[in-house]
Amino acid sequence: MTTNSSSLFFLTATRRLALSSAAVLALCFTASAVQAQPKVMRIVVPYAPGGPIDVTARLMAERVKDTLGTVIIENRPGGGGNIGADVVAKAAPDGLTIGIAAVATHAINPWLYSKMPYNAATDFAPITQMLRVPNVLVMNADTAQRLNINSLADLIRYAKANPAKLNYGSGGNGSAGHLAGEMFKAQAGIFALHIPYNGGNPAQLALLSGQVDFNFDNLATASANIKAGKLKALAVTTVERSSVLPEVPAVAEMLKGFAIDTWWGLVAPAATPKDVVAKLNQAFVAALNSPEAKTRFAALMAEPVANTPEQFGAFMKAELAKYEKVVKASGARVD
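Just so you know, these numbers come straight off a predicted model, no measurement behind them. (Residues numbered from 1 in each chain as written. Predicted model: local features only at pLDDT ≥ 70, side-chain atom pairs only at ≥ 80, totals over all residues. Heavy atoms only, no water.)

A. Expanded view of the packing of aromatic side chains. Counted according to the given criterion, the structure contains eight aromatic pairs. Relative to Phe 214, the ring of Phe 184 has its centre 6.3 Å away and its plane inclined at 80°; by these criteria the two rings are edge-to-face. Taken as a pair, Phe 184 in helix H8 (residues 176-188) and Phe 214 in strand S8 (residues 214-218) lie far apart in primary sequence, 30 residues in all. Each member of the pair, Phe 184 as well as Phe 214, is classed as buried. Aromatic rings pair up to connect Tyr 168, Phe 184, Phe 214, Phe 216 and Phe 258 into one cluster. (Phe/Tyr/Trp six-rings, centres within 6.5 Å; stacked < 30°, edge-to-face > 60°. Helix = DSSP H or I, 4+ residues; strand = E, 2+ residues; numbered from the N terminus. Buried < 20%, exposed > 50% of the residue type's maximum accessible area, 1.4 Å probe, protein only.)

And the structure:
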């Protein structure tokens with residue numbers, strides 16, 4: 001009886017030891033598997049899904065997966081883009097969280113908002129510019145015909161001869177369309193009443209219905225109505241003519257130095273190591289220059305701009321300084 005009890009005790013202890021060893025091995029395996037899992041990068045888009053910035057970010061995420069691994073898109077809209085940009089500014093500088101820097105978040109908003117959650121000049125490490133989308137000065141086609149305005153020179157001439165008779169719409173105070181209009185008025189020496197709307201679509205509908213005379217609109221948004229003959233394109237706002245609308249002159253051909261367009265690129269938190277930024281730049285520049293990406297961008301009326309971190313940083317610095325003057329001259333404030 002004693003022998004049987006001892007044997008039973010021995011077998012039970014042995015089984016317990018085996019189970020404990022198996023549990024330890026399982027935990028070790030699980031820990032190793034977790035450590036072995038590749039880390040996922042995220043691109044924070046400070047706007048809602050579906051817009052051109054979101055679409056292009058998703059395209060880039062797909063194009064770089066072979067070199068950088070899985071990249072997910074995280075949409076953090078709100079505050080005119082400030083909420084999403086702030087997420088990037090305060091993220092760990094490990095190269096796993098990067099985000100979109102746009103003309104609004106890094107050039108206009110710092111002068112438009114009285115309180116900013118981040119410093120656009122110092123809280124980010126530039127990676128590369130991605131795209132620019134030309135804006136275009138468009139008139140209601142019927143209005144242009146009625147007023148005999150066929151060119152930018154005609155518009156300026158009419159405005160000078162008929163002070164305060166023209167008006168223009170925009171997507172709101174401080175929007176790119178509003179600031180482009182104020183720059184245009186100042187450099188052309190004319191006056192036109194600004195009528196702000198709650199977004200770009202209502203502003204375009206107002207132009208199409210003849211409620212306003214002209215707008216500075218995004219080329220991607222305006223192109224369909226230009227082709228349909230409902231809107232008359234007088235000039236693009238890039239320094240040079242746009243490759244997607246080459247027959248339309250640039251405002252700068254008449255008003256020297258005039259340049260205002262929609263742009264966006266990629267940034268990381270400021271303390272991200274330079275070698276990590278260089279790796280990200282190499283991957284995304286290759287993606288931007290791929291034939292597939294260029295074809296997709298052309299459909300969006302967007303022009304790829306793949307440059308170095310230093311070039312993108314210098315560009316954003318210049319844009320920030322430019323819009324300080326423009327926003328202050330316009331008197332636009334959000335809060």
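That shown, we press on.
B. Just unusual backbone geometry, in detail. A positive phi angle is found at Asn 148, which is not glycine, with a value near 60°. For Asn 148, a relative accessible area of 56% gives the class exposed. In the Ramachandran plot, Met 301 falls in the positive-phi region, its phi being about 60° despite a non-glycine side chain. Looking at where Met 301 falls in the secondary structure, it is placed in the loop between helix H12 (291-299) and strand S11 (303-304).

C. Region of the structure containing the sheet that holds strand S4 (residues 124-133). Read from one edge to the other, the open sheet built from six strands follows the order S2-S1-S3-S10-S4-S11, with strand pairing classed as mixed. For this open sheet the edge positions go to strand S2 (71-75) and S11, each flanked by a neighbour on one side alone. Where strand S3 (residues 97-102) lies against strand S10 (residues 262-269), four bridges are found, and the strand directions are antiparallel. Bridge pairing in S10 places Ile 100 opposite Leu 266. Packing of helix H5 (residues 103-112) onto the sheet brings it into contact with S3, S4 and S10, and relative to S3 it is tilted by some 55°. (Pairing = 2+ DSSP bridges. Contact = heavy atoms within 4.5 Å. Axes fitted to C-alpha atoms, helices over the stretch in contact; angles between N-to-C directions.)

D. Expanded view of the pairing of strand S1 (residues 41-45). Taking burial as the measure, the five residues of S1 include four buried ones, the bulk of the element. Two strands pair when backbone bridges link them, and S1 and S2 are joined in this way by five bridges, in the parallel orientation. The residue of S2 that forms the bridge with Met 41 is Val 71.

E. Summary view of the pairing of strand S7 (residues 193-196). Alignment of strand S6 (residues 167-170) against S7, held across four bridges, turns out to be parallel. Looking at the pairing, Ser 170 lines up with Pro 196 of S7. The handedness of the S6 to S7 crossover, carried by H8, is right-handed. (Right-handed = clockwise from strand over helix to strand, strands pointing away.)

F. Geometry of the pattern of salt bridges. Under the counting rule described, the total for this entry stands at 12 salt bridges. Among the salt bridges present, the one from Asp 86 reaches Lys 90, with a minimum N-O distance of 2.4 Å. For Lys 90, a relative accessible area of 57% gives the class exposed. Arg 132 serves as the salt-bridge partner of Glu 303, at 2.9 Å between the closest nitrogen and oxygen. Here Glu 303, found in strand S11, pairs with Arg 132, found in strand S4; they are 171 residues apart in sequence, far enough to count as distant. Taking relative accessible area as the criterion, Arg 132 reaches 29% and is therefore assigned partly exposed. Taken together, the shared-partner salt bridges in this structure form one network comprising Arg 42, Glu 74 and Arg 76. (Salt bridge = Lys/Arg side-chain N within 4 Å of Asp/Glu carboxyl O.)

G. Summary view of the packing of H8 against helix H13 (residues 309-330). At a minimum axis distance of 10 Å, the contact between H8 and H13 shows a crossing angle of 85°. The angle between H8 and H13 falls in the class roughly perpendicular. Taken together, the residues of H13 that come into contact with H8 (itself represented by His 178, Leu 179, Glu 182 and Met 183) are Tyr 323, Val 326, Val 327 and Ser 330. Here the residues of the contact of H8 with H13 are counted per class, giving five nonpolar, two polar and one charged. (Parallel < 35°, antiparallel > 145°, perpendicular 65-115°, else oblique. Nonpolar A, V, L, I, M, F, W, Y, C, P; charged D, E, K, R; others polar.)

H. Representation of the nonpolar core. Of all hydrophobic cores here, the largest spans 48 residues; its most connected members are Leu 137, Leu 155, Phe 184, Phe 214, Phe 258 and Tyr 323. Leaving out residues up to four positions away in the same chain, Phe 184 has contacts with Leu 137, Leu 152, Leu 155, Ile 156, Ile 190, Phe 214, Phe 216, Leu 255 and Phe 258. Core analysis: the second largest hydrophobic core is formed by 32 residues, Met 60, Met 130, Phe 284 and Ala 287 among them. (Core = buried A, V, L, I, M, F, W, Y, C linked by side-chain atoms within 4.5 Å.)

I. Examining helix H11 (residues 274-288) more closely. The end-to-end C-alpha distance of H11 is 21 Å, a good match for the 21 Å that 15 residues give at a rise of 1.5 Å each. Within the span of H11, buried status applies to Val 277, Leu 280, Asn 281, Ala 283, Phe 284, Val 285, Ala 287 and Leu 288. (Expected span 1.5 Å × (residues − 1).)

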